[in-house]
Amino acid sequence: MDVLIGLIVGVPAAIAAAGFLLHERKDALQRLNQGGSLILLLLIAIVARAVAQHGVIQGGLFYVDSLSALLLIVVGILQTTACWVSAPYLAEEGVSKEELAKYYALLQLFICTMLLVLMVENLGIMWVAVEATTLASALLVAFYVSRSALEAAWKYVMVCTVGICLALLGLMILYYAQTAAGGNGSDALSWLVLRREIGTLNPLLVKLSLIFIVIGYGTKIGLAPMHTWLPDAHSQAPSPVSGLLSGALLSCAMYVLLRHLALFQDAVPHAFLQWLLLGFGLFSIVVALPFILVQHDVKRLLAYSSVENMGIILVGVGIWTPLAMYGALLHLINHALIKSALFYLSGVIAQRYHTKDILRIRGLVRLMPLTGSLFLLLLLTITGVPPMGIFISKLTIIWAAFQSGDRLLGVSLLLLLAGVCAGLLYYCWQICFSVQPRQAVPSEAERVVLAAAGISFSVVLFLGLVMPVWLGEMLHQAVLMVMGG
Amino acid sequence: MNILTVLLMLTSFSLTRVSHMKTAVQLLVAQSLMVAAVCVVVAAETASLHGYLVAGLTLVVKAGLIPFSLLRMLKASRHEREIHPILSYNLSSLAAGLCLVLAHSIVGQAKIGADNGEALASAIALTLLGLMLIMTRRQALMQVVGLLTMENGLYLVGLSITHGLPLIIELGIFFDVLVVAVVLSILIRRLRLKGLSTDTSQLQELKG
């Protein structure tokens, strides 16, 4: 198993390195990345299967349990679709050979760092890996050397690095509490050790540490008011990268927060924890709402929807009942799949219409029937239309809110979601149906892109109808892990 | 130790009054040298090899590689200065003073790290000062200097409360800091290539 885990990190790194040898040959480079992504997906599937059977895999620096395995599957699927979608997208953009080699190398490094985040056991090393995801993706955000792309990348690095420095401060305080309670250097910041010992640490220091960690990693998740970098970075990056940023990276950041919460919940009063999480969660939805209602850039619309969805997930976590946690984890998976597919398609649409301006994208369903209908279905899914998986996960969270006895929370959540839904449906109508005469009929999206988006959509549709036993069991295990069972 | 912290505070205070990028980077080097010196003092106190190693790394990465790359980038540039910072020089010196007072009061309140409260207070002040530089300076390079100052401060916080994190994590952090500096210099270079000013207040296209 150790070898397999090593391979999961090693394969993307190897592809990144091999890419430089092939930079003269575009086709070979693309085939290398596409083939490599399938191998990586297979490796991840094997590890996830092993986790489903044995519960936990650990050894050396690595620790993979059901929560990590769930996220590994998500990142595995998304990196595959992103690698396959990149080829037609970049061909349409007409990038040079050198740029292409650079793009794939950075993409693979980015994937590598995300996988590392999901598999390391030590919180300090996890911090290093999270910061590495920012750095690997920053140059991808600035891939188009345009003024706005550079602005987005600059903001991204600055805001996220400062945020994550606060998380480091939190970790230092935690380590101080650990040494003060007599921990020795060898098990410093080890998640497993801390999980045993957190009850014996100075509660005041632990609480202080929690605040810094929630704010720090919250910046990376894109929680308001630290979300300012997110719509810029997600809208300026090349679309396959936007899909990964929104689907995979935000989910990884949420995973990191959950991993820390699993520790802290034993040492911090639950009322305080819930207040913190619900506050950030609801505030994120509230802040995202007006930007979704009045938006003219299709990729920014999707980015603000990500802020909103991360808010929903955090509210689910903050309710802190097993049912709500289950809903939150399910929502994390659903959102990752659907949002990445939406970004892939929006990339194609922006290329065909030569604009990202919603007001100028008209009559999509008539002009590109297949792409248009798929985009329509995906947008409907993200708003939470039954019978798709997102409907189930949103319903579960709202249900849990009412069940926890907090009616006000349930009602405000419902109202906010209705507002977001109205905004998205309005733009959905504008883009898909309003008619505008055009001379040139844009061609359909490439088959690969349609297939990638179609697969994500069918998985989420399937999750809405049937929950496979193994996945249900894995979610259940993950809930127990976070809530300390 | 006390002399070192005073010197550290002095160099960092002068950062608030600098308009030439080159001077700012030189001050950053001085600051990093002092951080390395603090590392050596702590290492000598605890007699740990780990401490000396980290001091050496600080010297190589923060006082060597990073300033070198920043200075090289400056050489290639037009003569850019911080002309109109968001907070004037006098005000930012005042704010830096407030940071120091705030840091001391925090440490006094929390009563942690009683044996080297002085060092901890300066470390927190350094972190706050770095944050202030990031927020109140328009020049891209000054923001990088601010970020590195903040990082130095955080590093000292860790050093003064726990004698440093475990080596493997420290190595990772050093690597990340180095890459941050590289990524930011690449971004600045690209801004220049586009013929744009490195004045970040002009980067305000993305809104809403």
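Residues numbered from 1 in each chain as written. Chains lettered and ligands numbered in written order. Predicted model: local features only at pLDDT ≥ 70, side-chain atom pairs only at ≥ 80, totals over all residues. Heavy atoms only, no water.

Asker: So what exactly am I meant to see when it comes to the overall build of chain A here?
Answerer: Scanning chain A from N- to C-terminus turns up 19 helices and two strands. In terms of overall dimensions, chain A is globule-like: its C-alpha atoms have a radius of gyration of 21 Å, near the 23 Å expected for 485 residues. Taken over the C-alpha atoms alone, chain A extends approximately 75 × 55 × 45 Å along its principal axes. A burial count over chain A gives 65% of its 485 residues as buried. Considering only contacts within chain A whose residues lie at least 6 apart along the sequence, 80% involve residues at least 24 apart. Accessible area of chain A: about 15900 Å², with a carbon and sulfur share of 69%. If you average the places of the 25 positive and of the 22 negative side-chain charges in chain A, the two averages end up 7 Å apart. (Helix = DSSP H or I, 4+ residues; strand = E, 2+ residues; numbered from the N terminus. Rg over C-alpha atoms; globule rule 2.2 N^0.38 Å. Buried < 20%, exposed > 50% of the residue type's maximum accessible area, 1.4 Å probe, protein only. Contact = heavy atoms within 4.5 Å. Areas by Shrake-Rupley, 256 points an atom, 1.4 Å probe, with all protein chains shown as cover. Lys, Arg positive; Asp, Glu negative; His and termini not counted. Charge placed at Lys NZ, Arg CZ, Asp CG, Glu CD.)

Asker: For this particular structure, what's the right way to read the overall build of chain B?
Answerer: Scanning chain B from terminus to terminus reveals seven helices and zero strands. Secondary structure elements of chain B, listed N to C terminal, follow the sequence α-α-α-α-α-α-α. Its C-alpha atoms give chain B a radius of gyration of 17 Å, within 12% of the compact-globule value 17 Å for 208 residues. Viewed in the frame of its principal axes, chain B has a C-alpha envelope of about 50 × 35 × 35 Å.

Asker: Explain the packing of aromatic side chains to me, please; I cannot follow it from the model alone.
Answerer: Centre distance and the angle of the planes are the two values used to describe a pair of aromatic rings. Counted under the stated rule, the structure contains 10 aromatic pairs over all chains. Taking 5.4 Å as the distance between ring centres and 80 degrees as the angle between the ring planes, the aromatic pair formed by Tyr103 of chain A and Tyr104 of chain A counts as edge-to-face. Both residues of the pair, Tyr103 of chain A and Tyr104 of chain A, count as buried. Taking the ring centre of Trp191 of chain A as reference, the NZ or CZ of Arg259 of chain A above it sits at 4.6 Å. The aromatic ring of Tyr155 of chain B is capped on one face by Lys62 of chain B, whose charged end is 4.5 Å from the ring centroid. (Phe/Tyr/Trp six-rings, centres within 6.5 Å; stacked < 30°, edge-to-face > 60°. Lys NZ or Arg CZ within 6 Å of the ring centre and 35° of its normal.)

Asker: What am I meant to see in helix 18 (residues 447-465) of chain A here?
Answerer: Residue and element names in this part refer to chain A. Counted at 1.5 Å a residue, the expected span for helix 18 with its 19 residues is 27 Å, and the 26 Å between its end C-alpha atoms agrees. Listing the buried residues of helix 18 in full gives Val449, Leu450, Ala452, Ala453, Gly454, Ser456, Phe457, Val460, Leu463 and Gly464. Where helix 18 is buried, its residues touch helix 3 (66-93), helix 13 (322-353), helix 15 (369-383), helix 16 (389-403) and helix 19 (469-483). (Expected span 1.5 Å × (residues − 1).)

Asker: Please clarify how helix 9 (residues 229-236) of chain A should be interpreted in this entry.
Answerer: Two residues of an α-helix separated by three or four positions point the same way, owing to the 3.6 residues in each turn. All names here are of chain A. For helix 9, a buried count of eight out of eight residues is recorded, marking the element as mostly surrounded by other parts of the structure. Here helix 9 has its buried residues at Trp229, Leu230, Pro231, Asp232, Ala233, His234, Ser235 and Gln236. In this structure, the buried side of helix 9 is in contact with helix 5 (123-141), helix 6 (147-180), helix 8 (203-221), helix 10 (239-264), helix 12 (298-319) and helix 13.

Asker: How should I be thinking about the interface of chain B and chain A in this particular structure?
Answerer: It is common to give the size of an interface as the accessible area that goes away when the parts come together. Facing the 42 residues of chain B at the interface are 44 residues of chain A. Carbon and sulfur atoms make up 78% of the area that chain B and chain A hide from each other, which totals about 3800 Å². Between the two partners, chain B and chain A, sit zero salt bridges. Connecting chain B to chain A are four residue pairs in polar contact (both at pLDDT 80 or more). Secondary-structure elements contributing two or more residues to the side of chain B that touches chain A are helix 5 (117-136), helix 6 (140-162) and helix 7 (167-193) of chain B. A per-element tally of the side of chain B that touches chain A places helix 7 of chain B first, with 14 residues. (Buried area = accessible area lost by both parts, 1.4 Å probe. Salt bridge = Lys/Arg side-chain N within 4 Å of Asp/Glu carboxyl O. Polar contact = N/O pair within 3.5 Å; in protein donor to acceptor, adjacent residues only side chain to side chain.)

Asker: Is there a simple way to explain the confidence of the model for chain A in this structure?
Answerer: Low pLDDT means the predicted atomic positions in that stretch should not be read closely. Mean pLDDT over chain A works out to 93, with 99% of the residues at or above the 70 mark. No element of chain A has a lower mean pLDDT than helix 14 (residues 364-367) of chain A, which averages 87, and none a higher one than helix 10 of chain A, which averages 97. (pLDDT = per-residue confidence, 0-100.)

Asker: Help me understand the environment of Ile397 of chain A, please; the structure alone is not making it clear to me.
Answerer: Residues and elements named next belong to chain A. Within the fold, Ile397 resides in helix 16. On the accessibility criterion, Ile397 (1% relative accessible area) is buried. Not counting residues within four places of it along the chain, the set of residues in contact with Ile397 comprises Ile312, Gly316, Ile319, Ala324, Gly327, Ala328, His331 and Leu413.

Asker: I'm lost on the packing of helix 12 of chain A against helix 16 of chain A in this one. Help?
Answerer: Two numbers describe a pair of packed helices, the interaxial angle and the distance between the axes. Residues and elements named next belong to chain A. Between helix 12 and helix 16, whose axes approach to 10 Å, the crossing angle comes to 40 degrees. Judged by the inter-axis angle, helix 12 sits oblique to helix 16. Of the two possible hands of crossing, helix 12 and helix 16 adopt the one that is left-handed. Here Glu308, Asn309, Ile312, Gly316 and Ile319 of helix 12 come into contact with helix 16, specifically with Lys394, Ile397, Ala400 and Ala401. Of the residues in the contact of helix 12 with helix 16, the class split is five nonpolar, two polar and two charged. (Axes fitted to C-alpha atoms, helices over the stretch in contact; angles between N-to-C directions. Parallel < 35°, antiparallel > 145°, perpendicular 65-115°, else oblique. Left-handed = near helix turned anticlockwise from the far one by under 90°. Nonpolar A, V, L, I, M, F, W, Y, C, P; charged D, E, K, R; others polar.)

Asker: So what exactly am I meant to see when it comes to the state of the cysteines here?
Answerer: In a disulfide, the sulfur atoms of two cysteines are held together by a covalent bond. Residue and element names in this part refer to chain A. Counted according to the given criterion, the structure contains zero disulfides over all chains. This cysteine, Cys83, is not joined by any disulfide, and Cys112 carries the nearest cysteine sulfur, 13 Å off. The thiol sulfur of Cys428 is not disulfide-bonded, and the nearest other cysteine sulfur, from Cys432, lies at 4.5 Å. (Disulfide = S-S within 2.5 Å.)

Asker: Would you explain the environment of Ser93 of chain B in this entry?
Answerer: Relative to the helices and strands, Ser93 of chain B resides in helix 4 (residues 89-110). C-alpha separation for the pair Ser93 of chain B and Ser14 of chain B, spaced 79 residues apart in sequence, amounts to 8.2 Å.

Asker: Where do I start with the side chain of Asn122 of chain A in this structure?
Answerer: With respect to the secondary-structure elements, Asn122 of chain A resides in the loop between helix 4 (97-119) and helix 5. The class for Asn122 of chain A is buried, based on a relative accessible area of 12%. Here the side chain of Asn122 of chain A touches Ala188 of chain A through a polar contact of 3.0 Å, landing on its backbone oxygen. Not counting chain neighbours up to four residues away, the residues in contact with Asn122 of chain A comprise Leu61, Ala188, Leu189 and Ser190 of chain A together with Ile169 of chain B.

Asker: Mind showing me how you'd approach the pattern of salt bridges here?
Answerer: All names here are of chain A. By the definition in use, this model includes eight salt bridges over all chains. The shortest N-O distance in the salt bridge between Lys102 and Glu99 comes to 3.5 Å. Of this pair, Lys102 and Glu99 both sit in helix 4, separated by three residues, roughly a single helical turn. Take Lys102: its relative accessible area is 39%, and that puts it in the partly exposed class. Looking at Glu99, the relative accessible area reads 24%, which means it is partly exposed. Residue Lys155 pairs with Asp232 through a salt bridge whose shortest N-O separation is 2.6 Å. Here Lys155, found in helix 6, pairs with Asp232, found in helix 9; they are 77 residues apart in sequence, far enough to count as distant.

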